[in-house]
Amino acid sequence: MHNFLPKAYFEGKFIDFKEANLSIATHALHYGTAAFGGVRGVVNKETKDRVYIFRLDKHAKRLSNSAKILNYELDQQLIKKTIIEFVKHNKSENDFYIRPLVYISSLGIAPRLHNTEKDFLIYGLELGNYLSPDGVKVCISSWQRPSDNFSPSRGKLTGNYINSSLAKTEAINRGFDEALMLNSNGYISEATGMNIFMLKDNKLITPGLEQDILEGITRESIIQIATEELGIEVVERPIAKSELIIADEVFLSGTAAKVAPVYQVENYNLSKHKPIATKLQSILGEIFEGKSKKYKDWITEIMY
Ligand code: PMP
């Protein structure tokens, strides 16, 4: 069971999390007509009086874009401001995860976007490691990552996450920690809630935005850090399944997972030596904790 933060933002007000409840007839529940964000709050361990939020502008912009796909104009500055207020209302002393959600709040039937009411809510929960930072075993899912013409891959639409849920449970039932999904062209797309990178001949390779991936904010940050800090060339291109087996390193990236090295793909063991993933874990760790001078502008510091 999760430790939910005590206050939620619901129907325009900050109220107790336990009081923030929706009707069973809510459109979003029936048709997947919602979109969410996922943002980490890292508390200053010494003072416990402030929190560091990684790339809040990017998260607010992506959620505003997802809302737009749902025919909902929600200003990114309003999202940002409300998330900051949410953090101040909760004053969590432990690291947490913020979950903003935009959704069709109308009651009743008829799958559509037009002529519906929309709303915006936020709740949060304490969150440590989502995947083991020491490494994970991944399978290749029998479920395919939906193509953008089936459902917009670059929006974090809740309806899309039936795909991630099917793939994750299949992976766990088969004894793996995570699933990689191929896209409709048969190339590696991403995991159930993380993007993927592999290191090959000293180049970092990751599927491009045309491979039906979610445009991950951690992914984008890693591309910049690898180029600027580690001096590694980053190539965005399709990745074939067999390339992973012979890669020098494979790792997953995401807000919840941070950087999670992969040590097994299906029945193939990969090297346990992961120097680049380890370096990225430590550089990102410093940034998340508000300790990096160079990437200071990626962090929003909120005083309680
Ligand atoms: N892919 C999917 C399907 C996701 O849900 C997430 C998590 N938001 C990611 C990738 C990673 O994105 P980010 O780095 O922005 O958290």
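Residues numbered from 1 in each chain as written. Predicted model: local features only at pLDDT ≥ 70, side-chain atom pairs only at ≥ 80, totals over all residues. Heavy atoms only, no water.

Trainee: I would appreciate a short explanation of the overall build of the chain in the present structure.
Mentor: Looking only at helices and strands, the chain has 7 helices and 17 strands in total. Rg of the C-alpha trace for the chain: 19 Å, near the compact-globule value of 19 Å for 304 residues, within the 12% margin. Within the span of the chain, comprising 304 residues, buried residues form 51% of the whole. Contacts in the chain between residues at least 24 apart in sequence constitute 70% of all its contacts with a sequence separation of at least 6. Working note: accessible area of the chain is about 14400 Å², and carbon and sulfur atoms make up 49% of it. (Helix = DSSP H or I, 4+ residues; strand = E, 2+ residues; numbered from the N terminus. Rg over C-alpha atoms; globule rule 2.2 N^0.38 Å. Buried < 20%, exposed > 50% of the residue type's maximum accessible area, 1.4 Å probe, protein only. Contact = heavy atoms within 4.5 Å. Areas by Shrake-Rupley, 256 points an atom, 1.4 Å probe, with all protein chains shown as cover.)

Trainee: Mind showing me how you'd approach the packing of aromatic side chains here?
Mentor: To describe a pair of aromatic rings, one takes the distance between the centres and the angle between the planes. Applying the stated criterion across every chain yields a total of 10 aromatic pairs. The interplanar angle of 15° and the centroid separation of 4.5 Å between the aromatic rings of Phe4 and Phe17 together place this pair among those described as stacked. With Phe4 in the segment before β1 (7-10) and Phe17 in the loop between β2 (13-16) and α1 (27-31), this residue pair connects regions lying 13 residues apart in the sequence. Geometrically, the ring pair formed by Phe17 and Tyr123 is tilted, given 6.0 Å between the ring centres and 50° between the ring planes. One end of the pair, Phe17, is in the loop between β2 and α1; the other, Tyr123, is in strand β7 (residues 118-126), and 106 residues separate them in sequence. Here a set of aromatic residues connected by ring pairs shows up, and it is made of Phe54, Phe288, Tyr295 and Trp298. For Arg55, the ring lying beneath its charged end belongs to Trp298, and the centroid distance is 4.0 Å. (Phe/Tyr/Trp six-rings, centres within 6.5 Å; stacked < 30°, edge-to-face > 60°. Lys NZ or Arg CZ within 6 Å of the ring centre and 35° of its normal.)

Trainee: What's the story with the domain arrangement of the chain in this structure? I'm lost.
Mentor: Bring the parts together and some accessible area is lost; that lost area is often taken as the interface size. Per the domain assignment, the segments of the chain are domain 1 (7-126) and domain 2 (136-288). With centres defined by C-alpha atoms, the gap from domain 1 to domain 2 works out at 25 Å. With 21 residues of domain 1 in contact, the opposing surface of domain 2 contributes 19 residues. Overall, the association of domain 1 and domain 2 removes approximately 1800 Å² of surface from exposure, summing both partners, and the carbon and sulfur fraction of that is 64%. (Domains from an automatic or database assignment. Buried area = accessible area lost by both parts, 1.4 Å probe.)

Trainee: Hey, could you run me through the pattern of salt bridges in this one?
Mentor: A side chain of one charge can pair with a side chain of the opposite charge if their charged atoms are brought near each other. Tallying each qualifying case throughout the model produces 18 salt bridges. Its salt-bridge partner being Asp49, residue Arg50 comes within 3.0 Å of it at the nearest N-O pair. Note on Asp49: relative accessible area 27%, which makes it partly exposed. Between Lys168 and Glu178 there is a salt bridge, with the nearest N and O atoms lying 2.9 Å from each other. Note that Lys168 is positioned in helix α4 (residues 161-173) and Glu178 in strand β9 (residues 178-182), a separation of 10 residues in sequence. Taken together, the salt bridges that share partners define one network made up of Asp49, Arg50 and Glu301. (Salt bridge = Lys/Arg side-chain N within 4 Å of Asp/Glu carboxyl O.)

Trainee: Please clarify how the site of the ligand should be interpreted in this entry.
Mentor: Taken together, 15 residues surround the ligand, and among them Lys156, Tyr161, Ile217, Thr218 and Thr255 come closest. For the ligand, an oxygen atom lies 2.5 Å from a polar atom in the side chain of Tyr161. Thr218 is positioned such that a nitrogen or oxygen atom in its side chain is 2.5 Å from an oxygen atom of the ligand. With the chains in place, 96% of the 380 Å² that the ligand exposes on its own is no longer accessible. When contributions to the shell around the ligand are tallied by element, the ones reaching two or more residues are α5 (217-228) and β14 (249-254). Split by residue class, the shell around the ligand holds 4 nonpolar, 8 polar and 3 charged. (Near = heavy atom within 4 Å. Polar contact = N/O pair within 3.5 Å; in protein donor to acceptor, adjacent residues only side chain to side chain. Nonpolar A, V, L, I, M, F, W, Y, C, P; charged D, E, K, R; others polar.)

Trainee: How should I be thinking about the environment of Ser292 in this particular structure?
Mentor: Mapped onto the secondary structure, Ser292 falls in the loop between α7 (275-288) and β17 (299-303). For Ser292, a relative accessible area of 12% corresponds to the buried category. Not counting residues up to four positions away in its chain, the partners in contact with Ser292 are Glu286 and Ile287. Engagement of the side chain of Ser292 in a polar contact is seen with the backbone nitrogen of Lys294, the distance being 3.5 Å.

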